[in-house]
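Coordinates in review
What follows is the residue order along each chain.
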Amino acid sequence: MQLPLFPDAFDVETEALEALAALDVGRAARRLDRARALDPHLPNLEVLAEVVGYLHPILGAGQPTEERLAEVFLALPEACREGRLTSAAACRVDRVLARYALRSWDERRPFHDGQGRLPYGALLLVDADAPERARDSLRLACAAAAVAAVGERARVWGYLGDACLLVERTDEANAAYVRALALDPWSVDLHRTKADRLRRILERLTAERPFEEAVGELLAHAWVEGVVRIEARNDWLEDERERLRRSGPDGGRSEAAWRGRRFSLLLFLDRSLPVGRADRAARKEMQALDAGLFKRFVRRLQELEERER
């Protein structure tokens, strides 16, 4: 009696997948319930149920607007950090959202939503099968975001770093990552980053301290450990230098998170000076902020000087 039911269960699961691809999550939920009733041991059933259970209360009935889809995509990293979504389900949510959004993509548009928060290049990076197209689109998005809020700019530059890394343009990737982390590290999509070495540093730091503190000082640790380079005379700094130099405690951030962020900024500004110059006031403040990290900074400087001799 059971054998004839298995094809039906698979067929119903397929219908659920089709509904999910169309972001008709209400219908997907109903078909998954039916598939579970027919065969509770279907492969991937639990992951699909988690995906639908996550999206259903967020998207509700009807097709999502561009703005709503952007909100869901950008909110996913926090859902993972808070344990509301497993890694396997998050990957499936990403693919569903990206494929849905890209179906009507006009390559002349760098952003999916009218508010310029979700670049199409980030959606192309989800499956990472078109990294050159993603890079081209993200370069347009960076130019379009030049007058946007600092957090939006940081996010787009982070995605550009990912795309450049995938096409093995390592110098471009480095410059993009450094710029993103200098502008606003908390806005960079570190959950989806393709920079494995940056991710490993962040994982180590978050094992020792809260996430926002770890992100605040990520750039400093990445430079000290030789994961990123900070080039002298960053040409984009002229309009940003004073804003970064005056940067103070961020509203809603802890004092410890601000201190790590401040240390990273001072290190960035010091290393951005012409070769042979140093910002003594910045270094004095760095030492006061974190004496241990400052010692590592000095050791790294000495290592670089010895290599140049």
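A brief structural summary. (Residues numbered from 1 in each chain as written. Predicted model: local features only at pLDDT ≥ 70, side-chain atom pairs only at ≥ 80, totals over all residues. Heavy atoms only, no water.)

Bringing the overall build of the chain into the picture now. When helices and strands are counted, the chain shows 16 helices and 0 strands. Summarising its shape, the C-alpha atoms of the chain cover approximately 80 × 40 × 40 Å along the three principal directions. Sorting the 309 residues of the chain into buried and exposed places 49% on the buried side. Within the chain, counting contacts between residues at least 6 apart in sequence, those at least 24 apart form 64% of the total. (Helix = DSSP H or I, 4+ residues; strand = E, 2+ residues; numbered from the N terminus. Buried < 20%, exposed > 50% of the residue type's maximum accessible area, 1.4 Å probe, protein only. Contact = heavy atoms within 4.5 Å.)

With that settled, the discussion passes to the packing of helix α7 (residues 131-144) against helix α8 (residues 150-166). Pairs of packed helices are described in terms of their axes, by the angle between the two and the distance that separates them. Contact geometry for α7 and α8: axes closest at 9 Å, N-to-C directions at 150°. Taken together, the axes of α7 and α8 are roughly antiparallel relative to one another. Between α7 and α8 lies a crossing whose hand is left-handed. Along its contact with α7, which presents P131, A134, R135, L138, R139, A141 and C142, the element α8 presents V156, W157, Y159, L160, A163, C164 and L166. Class assignment of the residues belonging to the contact of α7 with α8 gives a composition of 12 nonpolar, no polar and 2 charged. (Axes fitted to C-alpha atoms, helices over the stretch in contact; angles between N-to-C directions. Parallel < 35°, antiparallel > 145°, perpendicular 65-115°, else oblique. Left-handed = near helix turned anticlockwise from the far one by under 90°. Nonpolar A, V, L, I, M, F, W, Y, C, P; charged D, E, K, R; others polar.)

Right, let's get into the nonpolar core. One finds L20, L55, L85 and L267 to be the most contacted residues of the largest nonpolar core, which totals 96 residues. L267 has contacts with A220, W223, V224, I230, M286 and F297, leaving out every residue within four places of it along the chain. (Core = buried A, V, L, I, M, F, W, Y, C linked by side-chain atoms within 4.5 Å.)

In this section: the packing of helix α15 (residues 280-289) against helix α16 (residues 291-308). The contact between α15 and α16 brings their axes to 6 Å, and the two run at 135°. One finds that α15 runs oblique with respect to α16. Counting all contacts with α15, which are made through R283, M286, Q287 and L289, the residues of α16 involved are A291, F294, F297 and L301. When the residues that make up the contact of α15 with α16 are grouped by side-chain class, the tally is 6 nonpolar, 1 polar and 1 charged.

Even without a glycine there, the phi angle at A128 is positive, about 55°. By the secondary structure assignment, A128 is in the loop between α6 (120-124) and α7. A positive phi angle is found at E168, which is not glycine, with a value near 65°. As for its position among the elements, E168 is in the loop between α8 and α9 (170-183). E168 sits in the exposed class, given a relative accessible area of 69%.

Mapped onto the fold, R300 is located in helix α16. Look at R300 and you get buried, because its relative accessible area is 13%. Between the alpha carbons of R300 and E231 there is a distance of 15 Å; along the sequence they are 69 residues apart. Those residues within four positions of R300 in sequence are excluded, and the remaining contacts are W223, V224, G226 and R307.

Okay, the pattern of salt bridges next. All told, the structure shown has 28 salt bridges when counted by the stated rule. Of the charged contacts in the structure, one is a salt bridge between R117 and D113, with a shortest N-O distance of 3.2 Å. Judged by its relative accessible area of 15%, R117 is buried. With a relative accessible area of 2%, D113 lands in the buried category. Linking E231 and R229 is a salt bridge whose minimum nitrogen-to-oxygen distance equals 3.2 Å. For E231, a relative accessible area of 41% translates into the label partly exposed. Shared partners join several salt bridges into a network, and the residues in it are E132, R135, D136, R169 and E172. (Salt bridge = Lys/Arg side-chain N within 4 Å of Asp/Glu carboxyl O.)

Everything listed here is a matter of geometry and, on its own, says nothing about what the molecule does.
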